[in-house]
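Architecture and fold: a report
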Amino acid sequence: MKSSIINSIKSLPPLPKTVIDMQRVCNDPNGSINDLVKAVEHDPMIVANLLKAANSPLYSFRREINNVAQAVSLFGMSMTRSIGIGNSVRKLLNVDMEPYGISSDRFAEISSMQAALMHEWYTKIDRIKADKLFLASFLQETGKIIIASDVIQENLGSKFKSDIEIAIDISSVERSYIQESSASVTAAIFTHWNFDKEFVEMIQFSDTPEEAPEEVKEYATALNIVKTILPINNPFGEHGIAFGLKKAEEAGYDISKLQASIDSILDKIHA
């Protein structure tokens with residue numbers, strides 16, 4: 001891995017206390033919704049992001065959500081943790097996504113859409129796996145923040161942006177500049193922050209699921225399909241949807257479930 005990328009990861013600050021507390025509660029077999037509410041209710045940023053997500057059309061809750069306890073109860077522990085960690089990580093990394101041709105807010109929106117599509121799709125397949133994949137899909141593009149910073153420092157932002165705009169395979173553009181894709185950079189970030197091996201590996205192999213260890217191959221494949229459908233340079237584009245459905249079919253999925261999930265998310269966004 002490029003030395004400047006390694007140094008950027010090594011210099012990352014520790015995760016905020018609230019995120020660590022959320023992880024602790026969710027990993028505790030006796031942890032409860034009330035424990036999670038207590039862990040997040042004193043963090044204004046996480047509370048604001050949870051309420052923003054809860055009132056987003058992506059999740060279609062039938063009433064306005066105006067307090068953290070309601071949001072945590074509706075999302076459940078796993079999704080609450082994912083949303084809290086995702087937004088905290090982006091804040092911690094001081095997002096500048098100009099080399100990818102999008103704003104930091106748009107980057108956050110696309111990450112949310114990836115997570116929402118994964119949840120909509122995988123709850124039709126396996127709810128336990130859906131919980132694991134929601135967090136991974138929410139965070140799988142995190143490495144792009146480090147890559148964007150690196151190409152800016154190298155004064156390559158404009159050229160990189162031009163290449164990304166027309167790219168069908170974003171990871172190949174990333175490798176041409178830094179010899180790594182965002183999947184491997186993201187995996188290195190969460191290794192640095194001591195996330196569990198399964199989580200790191202499902203993201204690490206999300207560009208090459210055929211090379212993944214057997215125990216994470218399904219997760220890596222699902223992540224690859226979702227980011228194919230929702231690449232940050234053209235989310236829900238016609239080509240991405242067609243290619244994502246083709247990959248799903250080749251992997252043995254019932255593509256009618258995936259197509260229905262795509263349609264559902266698009267309907268929510270358009271509404």
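The rules behind the values
- Just so you know, the residues in each chain are numbered from 1, in the order the chain's sequence is written.
- Local features in a predicted model are, by the rule used here, given only for residues with pLDDT of at least 70; side-chain atom pairs are given and counted only at 80 or more, and totals for whole chains, interfaces and linings are based on all residues.
- In computing side-chain properties, one takes all heavy atoms of the structure into account and sets aside hydrogens as well as water.
- Per the convention used, a helix needs a DSSP run of H or I reaching at least four residues, while a strand needs a run of E reaching at least two, with both numbered from the N terminus.
- To get the radius of gyration, use the C-alpha atoms; to get the globule rule, take the number of residues to the power 0.38 and multiply by 2.2 Å.
- Partly exposed describes any residue whose relative accessible area lies between the buried limit of under 20% and the exposed limit of over 50%, with all areas from a 1.4 Å probe on protein chains only and scaled to the type maximum.
- By the convention used here, residues are in contact when the closest approach between their heavy atoms is within 4.5 Å.
- Values of accessible area rely on a 1.4 Å probe in the Shrake-Rupley scheme; residue burial ignores everything except the protein chains shown.
- Counted as positive: Lys and Arg. Counted as negative: Asp and Glu. His and the chain ends are not counted at all.
- Charge positions are represented by NZ for Lys, CZ for Arg, CG for Asp and CD for Glu.
- Any carboxyl oxygen of Asp or Glu within 4 Å of a side-chain nitrogen of Lys or Arg constitutes a salt bridge here.
- Multiplying 1.5 Å by the residue count of a helix minus one yields the expected span of that helix.
- To define a nonpolar core, start from buried Ala, Val, Leu, Ile, Met, Phe, Trp, Tyr and Cys residues and group those joined through side-chain atoms within 4.5 Å.
- Axis geometry follows a simple rule: fit a line to the C-alpha atoms, using only the stretch in contact for helices, then measure angles between N-to-C directions, giving values from 0 to 180 degrees.
- Convention used here: angles under 35 degrees read as roughly parallel, angles over 145 as roughly antiparallel, angles from 65 to 115 as roughly perpendicular, and any remaining angle as oblique.
- The criterion for an aromatic pair is that two Phe, Tyr or Trp rings (for Trp, the six-membered ring) have centres within 6.5 Å, with stacked assigned to planes under 30 degrees apart, edge-to-face to planes over 60 apart and tilted to the rest.
- Either the NZ atom of lysine or the CZ atom of arginine qualifies as a charge over a ring when it sits within 6 Å of the ring centre and within 35 degrees of the ring normal.

Some thoughts on the overall build of the protein chain
On a plain count of helices and strands, the protein chain comes out with 15 helices and zero strands. Over its C-alpha trace the protein chain gives a radius of gyration of 18 Å, about what one expects of a compact globule, namely 18 Å for 271 residues. Along the first, second and third principal axes, the C-alpha atoms of the protein chain reach 45 × 45 × 35 Å. For the protein chain, buried positions account for 55% of its 271 residues. Summarising the internal contacts of the protein chain: among those between residues at least 6 apart in sequence, 63% fall at separations of at least 24. Accessible surface computed for the protein chain: about 12,500 Å², of which carbon and sulfur atoms make up 50%. Computing the positive centroid from 27 side-chain charges and the negative centroid from 36, the protein chain places the two 3 Å apart.

Here we look at the pattern of salt bridges
Inspection of the entire model under this criterion finds 16 salt bridges. One salt-bridge network, held together by shared partners, links Lys 2, Asp 150 and Glu 154.

Structural notes on helix 6 (residues 104–122)
If you check helix 6, its first and last C-alpha atoms are 27 Å apart, about what 19 residues at 1.5 Å a residue would give, namely 27 Å. For helix 6, the tally of buried residues reaches 14 of 19 residues, placing the bulk of the element in the interior.

Regarding the nonpolar core
Formed by 93 residues in total, the largest nonpolar core has its most connected members in Tyr 100 and Phe 236. Sequence-distant contacts of Tyr 100, that is, excluding residues within four places in its chain, are made with Lys 144, Ile 147, Ala 148, Phe 160, Ile 164, Ile 170, Glu 174 and Ile 232.

A look at the packing of helix 2 (residues 17–27) against helix 3 (residues 33–40)
As a packed pair, helix 2 and helix 3 sit with axes 9 Å apart at the nearest point and diverge in direction by 175 degrees. Here helix 2 is positioned roughly antiparallel relative to helix 3, judged by the angle of their axes. Residue-level inspection shows Thr 18, Asp 21, Met 22, Val 25 and Cys 26 of helix 2 in contact with helix 3, the latter providing Asp 35, Leu 36, Ala 39 and Val 40.

Points about the packing of aromatic side chains
For the structure shown, the criterion picks out 10 aromatic pairs. Relative to Tyr 177, the ring of Phe 160 has its centre 5.0 Å away and its plane inclined at 80 degrees; by these criteria the two rings are edge-to-face. With Phe 160 in helix 9 (residues 157–165) and Tyr 177 in helix 10 (residues 170–178), this pair connects stretches of sequence that are 17 residues apart. Here Phe 160 matches Tyr 177 in class, with each residue buried. An angle of 90 degrees between the planes, with centres 5.5 Å apart, marks the rings of Phe 190 and Phe 199 as edge-to-face. Classification of Phe 199 as buried rests on a relative accessible area of 5%. These aromatic residues form a ring-pair network of at least three members: Phe 190, Trp 193, Phe 195 and Phe 199. Here Lys 247 stacks its cationic end above the ring of Phe 243, 4.8 Å away from the centre of that ring.

Remarks on the environment of Ala 148
Within the secondary structure layout, Ala 148 lies in helix 8 (residues 143–153). When its relative accessible area of 0% is taken as the criterion, Ala 148 is described as buried. The spatial distance from the C-alpha of Ala 148 to the C-alpha of Gln 114 is 20 Å, given a sequence separation of 34 residues.

What to know about the environment of Gly 84
Within the element layout of this structure, Gly 84 appears in helix 5 (residues 68–92). Its relative accessible area of 2% is what places Gly 84 among the buried residues. Along the backbone, Gly 84 and Leu 50 are 34 residues apart, and their C-alpha atoms lie at a distance of 6.9 Å. Sequence-distant contacts of Gly 84, that is, excluding residues within four places in its chain, are made with Met 22 and Ile 46.

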